[in-house]
Amino acid sequence: MTRTSQAKRPSKNRDKLLAAARRLFADRGYADTGTEDIVREAGVTRGALYHQFADKRDLFRALLEQMLPEIGQRLFEETMARIAHDRDDLQVGCQVLLGIYTDPEVRRLFLIEGPAVLGLADWKALQAPLSTLFLDHALQHLVDEGFIAADEMRPVNELLSGALQQAALGIASAENPQDARAGYALGLDRLIAGLMRRSPETAAAQPA
């Protein structure tokens, strides 16, 4: 049995290690947290750590994978609580996501440490499914109501995904994350307002 397959098995030690790493990485940062610190905080042995994870980087990546569904659930719940109509999903959801990005733990672990530890390409690939799922869901409402054509969904999804990634990196590096959030929020609102204006082609395609 490979270490990778072992790491996917449910384990109390795995849960303890992830919880300990989350506390320590959020407080001290990745570089200033050693594996000895993690196992001591978790109350397990070094052997338990290396039974579950290849190394500290592997543990960190698993931590981000654990955080993604939490971010997705928060995005869904907060967006649904604020929208008055399905067409509001995109605009409100983007605002909610930017707000999540300013959460100190999310900002430190996911936005600052994530690209630095994993590399930008791996970080983008890791979070891409959540972004795609959210944007596909929101953009489908705009297709249904005739704001954009169905064949525009994929390129618009990719463009907005890139904009959200850039906003995430901007918020991560900003001296004042809340000010950065406000600026990116305004820019995204302007982009989305453009999508909400029906083109002559999409308007003509709608039933009378």
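A brief look at the structure comes next. Note that this is a predicted model, so its numbers are computed, not measured. (Residues numbered from 1 in each chain as written. Predicted model: local features only at pLDDT ≥ 70, side-chain atom pairs only at ≥ 80, totals over all residues. Heavy atoms only, no water.)

On to the overall build of the protein chain. Scanning the protein chain from N- to C-terminus turns up eleven helices and zero strands. Of all 208 residues assigned to the protein chain, the portion counted as buried reaches 46%. Considering only intrachain contacts with a sequence separation of at least 6, the fraction spanning at least 24 residues in the protein chain is 69%. (Helix = DSSP H or I, 4+ residues; strand = E, 2+ residues; numbered from the N terminus. Buried < 20%, exposed > 50% of the residue type's maximum accessible area, 1.4 Å probe, protein only. Contact = heavy atoms within 4.5 Å.)

Quick look at the pattern of salt bridges now. Under the criterion given, the structure shown has 14 salt bridges. A salt bridge links Arg46 to Glu36; its shortest N-O distance comes to 3.4 Å. Residue Arg46 is found in helix 4 (residues 46-52), and its partner Glu36 is found in helix 3 (residues 35-42); the two are separated by ten residues along the sequence. In this structure, Glu65 and Arg61 form a salt bridge, with 2.6 Å as the shortest nitrogen-oxygen distance. Of the two residues, Glu65 and Arg61 are both situated in helix 5 (residues 56-82); the distance of four residues between them amounts to about one turn of the helix. Salt bridges here are not isolated pairs; linked through shared partners, they connect Arg57, Arg61, Glu65 and Asp122. (Salt bridge = Lys/Arg side-chain N within 4 Å of Asp/Glu carboxyl O.)

The next subject is empty space enclosed by the protein. The tally for this structure, following the rule as stated, stands at one cavity of 30 Å³ or more. Empty space within the largest cavity amounts to approximately 80 Å³. What lines the largest cavity is Leu68, Ile71, Leu97, Tyr101, Phe110, Gln127, Leu130, Ser131, Ser161, Leu164 and Gln165. Listed by contribution, the elements that provide at least two residues to the lining of the largest cavity are helix 5, helix 6 (89-101), helix 8 (120-144) and helix 9 (153-173). In terms of residue class, the lining of the largest cavity is made up of seven nonpolar, four polar and no charged. (1 Å grid on protein atoms, 1.4 Å probe; cavity = no way out; pocket = protein on both sides within 12 Å on 5 of 7 lines; lining within 4 Å. Points joined across faces, edges and corners; volume = space filled by probe spheres on them. Nonpolar A, V, L, I, M, F, W, Y, C, P; charged D, E, K, R; others polar.)

A full pass over the atoms with the stated rule returns four aromatic pairs. The interplanar angle of 75° and the centroid separation of 5.6 Å between the aromatic rings of Phe25 and Phe60 together place this pair among those described as edge-to-face. Remark: Phe60 occurs in helix 5 and Phe25 occurs in helix 2 (residues 12-28); sequence separation between them is 35 residues. Centre to centre, the rings of Tyr30 and Phe60 are 5.4 Å apart; their planes meet at 70°, and the pair counts as edge-to-face. (Phe/Tyr/Trp six-rings, centres within 6.5 Å; stacked < 30°, edge-to-face > 60°.)

The subject of this paragraph is helix 9. For helix 9, built from 21 residues, the straight-helix expectation of 30 Å at 1.5 Å per residue is met to within 8% by its first-to-last C-alpha distance of 30 Å. For helix 9, the set of buried residues is Met153, Val156, Asn157, Leu160, Ser161, Leu164, Gln165, Ala167, Ala168, Gly170, Ile171 and Ala172. Where helix 9 is buried, its residues touch helix 6, helix 7 (104-118), helix 8 and helix 10 (177-195). (Expected span 1.5 Å × (residues − 1).)

What follows concerns the packing of helix 2 against helix 7. Direction vectors running N to C along helix 2 and helix 7 enclose 90°, while the axes themselves pass 9 Å from each other. One finds that helix 2 runs roughly perpendicular with respect to helix 7. In this structure, helix 2 contributes Arg22, Phe25, Ala26, Asp27 and Arg28 to the contact, and helix 7 contributes Glu105, Arg108 and Leu109. For the contact of helix 2 with helix 7, the per-class residue count stands at three nonpolar, no polar and five charged. (Axes fitted to C-alpha atoms, helices over the stretch in contact; angles between N-to-C directions. Parallel < 35°, antiparallel > 145°, perpendicular 65-115°, else oblique.)

For the rest of this paragraph, the subject is the environment of Leu111. If you trace the backbone, Leu111 turns up in helix 7. With twelve residues separating them in the primary sequence, Leu111 and Trp123 have C-alpha atoms 9.0 Å apart. Ignoring anything within four residues of it in the chain, the contact list for Leu111 reads Tyr101, Val106, Trp123, Ala168 and Ala172.

Right, let's get into the environment of Asn157. Take Asn157: it is sitting in helix 9. Overall, the relative accessible area of 2% leaves Asn157 in the buried class. Residues Asn157 and Ala138 lie 19 residues apart in sequence; the distance between their C-alpha atoms is 9.5 Å. Ignoring anything within four residues of it in the chain, the contact list for Asn157 reads Thr132, Leu135, Asp136 and Leu139.

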